[in-house]
Each structure stands twice: as structure tokens, then as C-alpha cells.
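# Structural overview for review
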Amino acid sequence: MKKVTKAVIPAAGLGTRVLPATKAQPKEMLVIVDKPSLQYIVEELVESGITDIVIVTGRNKNSIEDHFDFSYELENTLQKENKIELLEKVDKISSMANIFYVRQNHPLGLGHAILKAKPFIGDEPFVIALGDDIVYNPERPVAKQLIENYEKYGASIVGCQEVALEDVSKYGVVKPTENLDENTVAISDFVEKPSKEEAPSRLACLGRYLLDGKIFDYLEETKAGKGGEIQLTDAILKMLQDGEKVVAYEFQGKRYDIGNKFGLLKANIEFGLKNDETKGELKNYLKSLKLD
Ligand code: G1P
């Protein structure tokens, strides 16, 4: 079995749900406490054993490349001022993984964005981490959970959690058939953004996948689906229907949808309450608010 060392982060979306913050700035660079949200995702991947990451970008996304690059001026200044702790924090960012970039030249959907990574991934199994979803689990990062599950079953994996029935229409939703273990289920269907009535369950894909490289053959054949976009969900379903092994894994961790305003606020408050520098003051501040 091939070791999983590669990952793709699609980050080409326009971020319309958090405009105007994303007018001239990628949504993946919006800050959660003291780091852009994308850095949390890259760190999750690195802590999971991923060494090579492709970020699929688009127009206006240059600050992403700058962020993960070596910053000579800044590092030199921090060195001169003897700000060693900060220097280490900054320096780590440019050396934690090999990061490659490809542009999604046409906004044709998530499936199309993933297909852009084909020359880089080849036929290897790889992780997909969507730029909108931060999942917090300091003991067992979610990508690592998926990799361990892949090593157990040798199957492609859709990372899921149960969502409220009102929310199923925001996600790709699986139809579970039999339990393989406490957190893993075999599936027979995968529907992109179904209505409440059509939803085959409440088990929704929340932004993490581990897929066999065969997915690219399917993506090449996938026509525009829901919303007129080439959907990753449709390609995974076809792969499943062709008899390839695909399972759903209910990952452990708290997920934040940072592609919308409330998700961003929640992430900032909760990560602020975990951060050593901010937790004391933030807790007191929140307690002092007279909310009605
Ligand atoms: C995408 C996928 C969807 C998945 C969701 C997770 O949708 O198409 O299947 O459930 O991400 O966040 P998007 O949120 O990009 O519309």
C-alpha cells in the first residue's frame, strides 16, 4: 500500500459569503486569532504526515504564495531585533512542507479545481482538504484519521459528520449501508446538496477526503452537475458505482465553516479561548458583556 504523502487544497473560490472582506484578499487568508485560516489547514496536513501540498488558486490569491514563502526582510529584521520566538514562528511557515501552486483558470467547480492537481498527484492516493473547513483535533488531526482509515480498509474515504436536517442542502450527503466499524460505513449513494426530502441521510461530507488517484479519470468524464459546476461528489459516486471501494468515515473533531461570517466569528472566539496570549483577557471580556 502506498504511503499517503500528498494533499490538495482547493483555494480558488471567490468568498462571496464574506464580502467585502474578500474583495481584494483571498478568503483563505482571513485571520483566525493570529494566523490565516489556510495555515491551520496546512498545519493539520503536516501534522498528519503530508509532505507535499498543491494549493489550487485563482486570481487575487498572490498573498497565499507570499505567506508560505521565506520572507527575507521580515526575518532579517526580527533577527536583528533579537525577537527569536517570533522569528521561529515566521520561519517555520516557509519550511513546513513543499508547497506547489496551480491556478484554476476557469471557475468550473470543485471537481475541476481538483483535476488541476492531476499532473502533480499522478496515480497516488491523496488527501483533499477544503480551504473553507478548519477541523480542530489537537490529538489526532483529521487528515491523519483519514490516512489511518485508508491503511485499514484500502478504500477511498469521504470524511463526514452528522448535520442537522435543515443543513443537508449545503453539503454532499452519503447513503450509508452497513457499519464497518464504529466510525466507518459502507455507502451506496452520494448526493450533492440534496433537499431535505431527497437527502439519503444526515451524514454530510465536511471538507476532507482521501481519494485514490483513479478519481482523475472520473473527473475528466464528469459533466457539469448541481449549480452548473463540475462536482467532485459526482465523480466519487461514479467511481463507487464502478465497483471501486469508497467508504464514509465519521471523523472526530470540531469543524468550523470559515467561508461564512458566523463560522469565522465562532472560530476566532474559540481559538482565542485556547490561545495562551489571549485566553485570559478574552474570557473576562466575554463574561463582562451584558448580552440580552
Ligand atoms: C463542497 C462540496 C460538498 C461538501 C462541502 C463541504 O461544497 O461540493 O459536497 O459537502 O464542500 O464543506 P461547497 O461548500 O464548496 O459549495
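It should be noted that the structure appears before, not after, this text.
Residues numbered from 1 in each chain as written. Predicted model: local features only at pLDDT ≥ 70, side-chain atom pairs only at ≥ 80, totals over all residues. Heavy atoms only, no water.

### Here we look at the overall build of the protein chain
Helix and strand counts for the protein chain come out as 11 helices and 13 strands. Scaling as 2.2 N^0.38, a compact globule of 292 residues should have a C-alpha radius of gyration of about 19 Å, and the protein chain matches this with 19 Å. By its C-alpha atoms, the protein chain is 60 × 50 × 35 Å across when sized along the principal axes. With 292 residues in all, the protein chain has 48% of them scored as buried. Entry remark: accessible area of the protein chain is about 15,000 Å², with carbon and sulfur atoms responsible for 50%. On the protein chain, the mean spot of the 39 positive side-chain charges and the mean spot of the 47 negative ones are 3 Å from each other. (Helix = DSSP H or I, 4+ residues; strand = E, 2+ residues; numbered from the N terminus. Rg over C-alpha atoms; globule rule 2.2 N^0.38 Å. Buried < 20%, exposed > 50% of the residue type's maximum accessible area, 1.4 Å probe, protein only. Areas by Shrake-Rupley, 256 points an atom, 1.4 Å probe, with all protein chains shown as cover. Lys, Arg positive; Asp, Glu negative; His and termini not counted. Charge placed at Lys NZ, Arg CZ, Asp CG, Glu CD.)

### Structural notes on the packing of aromatic side chains
Using the criterion set out here, one finds six aromatic pairs in the structure. The rings of Tyr40, Tyr136, Tyr256 and Phe271 are connected pair by pair, giving a single aromatic cluster. The ring of Tyr40 carries Lys35 above its face, with NZ or CZ at 4.6 Å from the centroid. When the ring centre of Tyr136 is taken as reference, the NZ or CZ atom of Lys274 above it lies at 4.3 Å. (Phe/Tyr/Trp six-rings, centres within 6.5 Å; stacked < 30°, edge-to-face > 60°. Lys NZ or Arg CZ within 6 Å of the ring centre and 35° of its normal.)

### Topic: the pattern of salt bridges
Taken as a whole and judged by the stated rule, the model has 22 salt bridges. Here Asp133 makes a salt bridge to Arg255, at a shortest N to O gap of 2.4 Å. You can see Asp133 sitting in strand 7 (residues 133-136) and its partner Arg255 sitting in strand 13 (residues 254-257), a full 122 residues away along the chain. Judged by relative accessible area, which is 3%, Asp133 ranks as buried. For Arg255, a relative accessible area of 18% corresponds to the buried category. Lys170 is the salt-bridge partner of Asp167, the closest N and O atoms lying 3.2 Å from each other. Using a relative accessible area of 25% as the deciding quantity, one classes Asp167 as partly exposed. Given the relative accessible area of 47%, Lys170 is considered partly exposed. A single salt-bridge network, built from bridges that share partners, covers Arg17, Lys27, Asp132 and Asp257. (Salt bridge = Lys/Arg side-chain N within 4 Å of Asp/Glu carboxyl O.)

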